[in-house]
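In case you want the letters, here they are:
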Amino acid sequence: MKLTNGSKIAVIGGGPSGSFFSYFLLDLAKRSDTHIHLDIYEPQDYTIQGPQGCNHCGGIVSESLVQILASEGINIPTEVIQTGIDSYVMHTDVGSSKIDTPLDEKRIAAMYRGAGPLKSMGLTESSFDGFLLKLAIQNGATLINKGVTGIDIGPPKPIVKTKDGDSDAYDLVVGAVGLNPRSLKMFNELDFGFSPPQPAKTYITEFELGKDVVDTYFGNAMHVFLLNLPNLQFAAIIPKGNYVTLAMLGDKIDRDLVNSFLNAQVVKDCFPRDLELASINPCKCFPKINVIGAKQPFCDRVVLIGDCSISKLYKNGIGAAFITAKAAATTALLYGISKKDFTDHYWPACKKLDFDNAIGRFVFGVTHFIQKRKSIKRGLLRMVQKEQLKPGEKRYLSTVLWDTFTGSAPYRSILFRTLKPQFWSNLIWKSFLGLFPVKIKGYKADFNKQSRSLGKLYQHGEIIVRQGEEGATLFVIQSGKVEVVQTKDSKEVHLAILTEGDFFGEMAIFEKDVRSSTVRSIGQTRVLTIDKKTLMNRIQDDPSLTFRIIQKLSSRIRGIDHKISHIRSIDRRNWNTRPEQLDDRDKGN
Ligand SMILES: Cc1cc2nc3c(=O)[nH]c(=O)nc-3n(C[C@H](O)[C@H](O)[C@H](O)COP(=O)(O)OP(=O)(O)OC[C@H]3O[C@@H](n4cnc5c(N)ncnc54)[C@H](O)[C@@H]3O)c2cc1C
């Protein structure tokens, strides 16, 4: 069972997983000269504000996903990013602490999944899901603006039906329906062993505060709350232009819990004193989140991806959608579309996420334990506040907390980093001190004003990479351009100009060597870094990630080849026209 020229695929659902699948499958098909017809069925219109155009989410694109997308050549446009996050404040009922990004750079994006909250003004072209869907369509997908109401599994081929009576047969049906109960039932009834994921009820709302208030009280910082409230794992307030989004994650979150949260003093303190939160009529909902993954999300010619398969516990669900979508796309195109192909090549990616979620449950178990103990919370805050005075790489607890709440690293990496005797002895000592209820120093609300871009801004002439220095990061240009130069015998030789979407610094990643040239900004340039570790981990899971890098390197070698042959031809012409020089050279030799 293979996809061949003329094969047809139906993707049911045009959320992140459906769009990622379509984008990567069509990309791989183009590279392997296979013509595939791919239909995306999606009834939602991402240009409509409010619930009708929204896929209900906190809207954080994690640090690791921003980096992976950049290395895939996908730069999230500025109009989609509402805020680039550069810090967060951890709030507990015994005090709060501000934690800055471990790097001097913004690598987390806050965005709207749809076109923004109900009746919001001045938000255009801002939907993240709309942006991804557009990418898939640009790569050749056809959008069918209808919901799928039935599937007949065949044989010979599955048939997809819509409400208006239309039906079509496909070689492969991809379920990317999120946690929509009716759609999950539709797959469950196909009786191939699929059992839907187990969801938990969460809460999400948007408060319109105005840009000035959001800038002053929240800026570029995300606020995370670890409060001792039943069923609440954690809550986050995320600034987005005129609005802030509140997401409450846990199990069975209801109106009473939401009210208890909004009435907690530490929450009220984040907002202007005279503001009555209940009086703002916000856009709100109680969406479900995947907490335990699906069983057997595939059979011959059918595969489920994203939230309706396996997700990431409480964070980075879009990152998990990316991982499952890409694994399913590479399996379908490179190996085949039988149950065995999906078992051998798609399921391992899901199992890895599932295993990480088991560790995540332990991490959140520990967090829950801490939430209930004031002395440990005091110890934790003291430790974080002390660490924030040290340089980035020495901030153990801060980076662990950063990754736990921003979704920037797998749970296993977070757990391993805490397995240090020094870490625990420090926390136990600080928690012991925390038994004495000394007041914790408050945080200063000196936030950077919201900005809608990621990465770091360099001014004209500023050096981004210096020849001879050690480095372990790859750089992707978000906007602007840079000049690459090499110094030899005290002379500077111009090598290249690189622009938006180009990357540099790859040699220091793949060879253990110093930077071979200097790169400096021409005008203002915004550059995003990609960590060696993040890149290597992802390449290990998904070797196809290197394709773009190899493609770029190959085109650079071709460019150098052209330059060399050009120089040679000039040289040859000079020799032919000036034979006396040839004689001179011969003499010299
Ligand atoms: C409160 C909350 C906060 C969250 N915050 C974050 C966060 O900050 N960052 C993060 O990374 N993740 C977050 N998540 C998780 C994230 O929202 C999901 O993991 C992600 O949306 C999964 O993408 P998906 O494409 O699989 O599903 P979805 O985004 O749910 O998309 C499914 C799509 O399928 C369509 N569909 C459904 N049925 C049919 C049908 N029968 N026919 C055609 N189309 C259909 C729907 O219209 C929808 O567009 C959060 C989740 C919740 C609940």
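Cut-offs applied
Residues numbered from 1 in each chain as written. Predicted model: local features only at pLDDT ≥ 70, side-chain atom pairs only at ≥ 80, totals over all residues. Heavy atoms only, no water. Helix = DSSP H or I, 4+ residues; strand = E, 2+ residues; numbered from the N terminus. Rg over C-alpha atoms; globule rule 2.2 N^0.38 Å. Buried < 20%, exposed > 50% of the residue type's maximum accessible area, 1.4 Å probe, protein only. Areas by Shrake-Rupley, 256 points an atom, 1.4 Å probe, with all protein chains shown as cover. Lys, Arg positive; Asp, Glu negative; His and termini not counted. Charge placed at Lys NZ, Arg CZ, Asp CG, Glu CD. Salt bridge = Lys/Arg side-chain N within 4 Å of Asp/Glu carboxyl O. Pairing = 2+ DSSP bridges. Axes fitted to C-alpha atoms, helices over the stretch in contact; angles between N-to-C directions. Contact = heavy atoms within 4.5 Å. Left-handed = near helix turned anticlockwise from the far one by under 90°. Nonpolar A, V, L, I, M, F, W, Y, C, P; charged D, E, K, R; others polar. Domains from an automatic or database assignment. Buried area = accessible area lost by both parts, 1.4 Å probe. Polar contact = N/O pair within 3.5 Å; in protein donor to acceptor, adjacent residues only side chain to side chain. Disulfide = S-S within 2.5 Å. Phe/Tyr/Trp six-rings, centres within 6.5 Å; stacked < 30°, edge-to-face > 60°. Near = heavy atom within 4 Å. Patch = residues over 30% accessible without salt bridge, like charges linked within 9 Å, V, L, I, M, F, W, Y side chains within 5 Å.

S.K.: Got a minute to help me understand the overall build of the protein in this structure?
M.R.: Assigned secondary structure in the protein consists of 17 helices and 27 strands. For a compact globule of 589 residues, the expected C-alpha radius of gyration is about 25 Å, and the protein comes in at 26 Å, within 12% of that figure. For the protein, the spread of C-alpha atoms along the three principal axes comes to 95 × 70 × 50 Å. With 589 residues in all, the protein has 54% of them scored as buried. Approximately 27,300 Å² of the protein is accessible, and the part contributed by carbon and sulfur atoms is 53%. Across the protein, the mean location of the 77 positive side-chain charges is 5 Å away from that of the 62 negative side-chain charges.

S.K.: Looking at this model, I keep getting lost on the pattern of salt bridges. Mind explaining?
M.R.: Two side chains with opposite charge may pair up if their charged atoms get near one another. Applying the stated criterion across every chain, the model contains 21 salt bridges. Note that K326 is salt-bridged to D542, the shortest N-O span being 2.7 Å. Of this pair, K326 sits in helix 8 (residues 317-335) while D542 is found in the loop between helix 15 (532-541) and helix 16 (546-577), placing the two residues 216 residues apart along the sequence. A relative accessible area of 9% places D542 in the buried class. Residue R412 is joined to D356 by a salt bridge in which the shortest nitrogen-to-oxygen separation is 3.9 Å.

S.K.: Can you help me understand the sheet that holds strand 16 (residues 232-240) in this one?
M.R.: One key point about sheets: their strands pair by backbone hydrogen bonds, in either a parallel or an antiparallel sense. Pairing is mixed in the open sheet, where seven strands are placed in the order 6-5-15-16-17-14-18. Every other strand in the sheet has two partners, leaving strand 6 (95-100) and strand 18 (283-285) as the edge strands with one partner each. The average angle at which neighbouring strand axes cross in this sheet is 15 degrees, direction not considered. In this fold helix 6 (residues 255-263) packs onto strand 14 (203-208), strand 15 (221-226), strand 16 and strand 17 (243-250), with an angle of close to 125 degrees to the strand it touches most, strand 17. Against the sheet, helix 10 (residues 374-387) contacts strand 5 (87-92), strand 6 and strand 15, and its axis sits at roughly 35 degrees relative to strand 6.

S.K.: What should I look at first to understand the packing of helix 1 (residues 16-31) against helix 8 in this one?
M.R.: When two helices pack together, their arrangement is given by the angle between the helix axes and the distance between those axes. For the pair helix 1 and helix 8, the least separation of the axes is 8 Å and the interaxial angle reads 35 degrees. Crossing of helix 1 over helix 8 shows right-handed handedness. Residue-level inspection shows P16, S17, F20, F21, F24, L25, L28 and A29 of helix 1 in contact with helix 8, the latter providing I318, A321, F322, A325, K326, A328, A329, T330, A332 and L333. Taken together, the residues of the contact of helix 1 with helix 8 sort by class into 15 nonpolar, two polar and one charged.

S.K.: Sorry if this is basic, but what is going on with the domain arrangement of the protein here?
M.R.: You'll often see interface size given as the accessible area lost when the parts meet. Per the domain assignment, the segments making up the protein are domain 1 (1-59 + 112-197 + 290-365), domain 2 (78-111 + 203-286 + 373-454), domain 3 (456-541) and domain 4 (551-589). In this assembly, five residues from domain 3 lie in contact with four residues from domain 4. Buried surface at the junction of domain 3 and domain 4, both sides included, amounts to about 410 Å², of which 46% is carbon and sulfur. The largest contributions to the domain 3 side of the interface with domain 4 come from D502, F503 and E506, which together make up 72% of the buried area. At the boundary of domain 3 with domain 4, the tally comes to zero salt bridges. Between the two partners, domain 3 and domain 4, sit zero residue pairs in polar contact (both at pLDDT 80 or more). Residues of the side of domain 3 that touches domain 4, tallied by class, amount to three nonpolar, no polar and two charged.

S.K.: Teacher, can you tell me more about the state of the cysteines here?
M.R.: As enumerated under the stated definition, the model contains zero disulfides in all. C54 forms no disulfide, and the closest cysteine sulfur to it belongs to C285, at a distance of 6.4 Å. Cysteine C308 is unpaired, with the sulfur of C350 as its nearest cysteine sulfur at 10 Å.

S.K.: Explain the packing of aromatic side chains here, please?
M.R.: Working definition: an aromatic ring pair is given by the centre-to-centre distance plus the angle between the planes. Evaluated as defined, the whole model comprises 19 aromatic pairs. Summarising the aromatic geometry, the rings of Y203 and F286 are spaced 4.9 Å apart at their centres and angled 50 degrees between planes, so their arrangement reads as tilted. Of this pair, Y203 sits in strand 14 while F286 sits in the loop between strand 18 and strand 19 (288-292), placing them 83 residues apart in sequence. The buried category is assigned to Y203, whose relative accessible area is 6%.

S.K.: Any chance you could explain the site of the ligand here in plain terms?
M.R.: Around the ligand, the surrounding shell holds 36 residues, and the nearest of these are E42, I60, R113, S183 and D307. Contacts to the ligand include Y46, whose side-chain N or O atom sits 3.2 Å from an oxygen atom. One of the backbone N or O atoms of A176 is found 3.3 Å from an oxygen atom in the ligand. Protein burial of the ligand: of its 1,000 Å² of free accessible surface, 92% is covered by the chains. Those elements that provide at least two residues to the shell around the ligand are helix 1, strand 19 and helix 8. Class assignment for the residues of the shell around the ligand results in 15 nonpolar, 17 polar and four charged.

S.K.: Whenever I open this one, a nonpolar patch on the surface confuses me. Can you help?
M.R.: Together, W429, F432, L435 and F436 make up an exposed nonpolar region whose accessible area comes to about 450 Å². With respect to the helices and strands, the residue F436 is situated in the loop between helix 13 (421-433) and strand 22 (456-458).

S.K.: Can you walk me through helix 11 (residues 396-406) in this structure?
M.R.: Every α-helix winds through 3.6 residues per turn, so residues three or four apart in the chain are directed the same way. Counted residue by residue, helix 11 has ten buried out of eleven residues, so it is predominantly covered. What helix 11 keeps buried is the set L397, S398, T399, V400, L401, W402, D403, T404, F405 and T406. Positioned one or two residues after helix 11, G407 has a phi angle of 75 degrees, which is positive.

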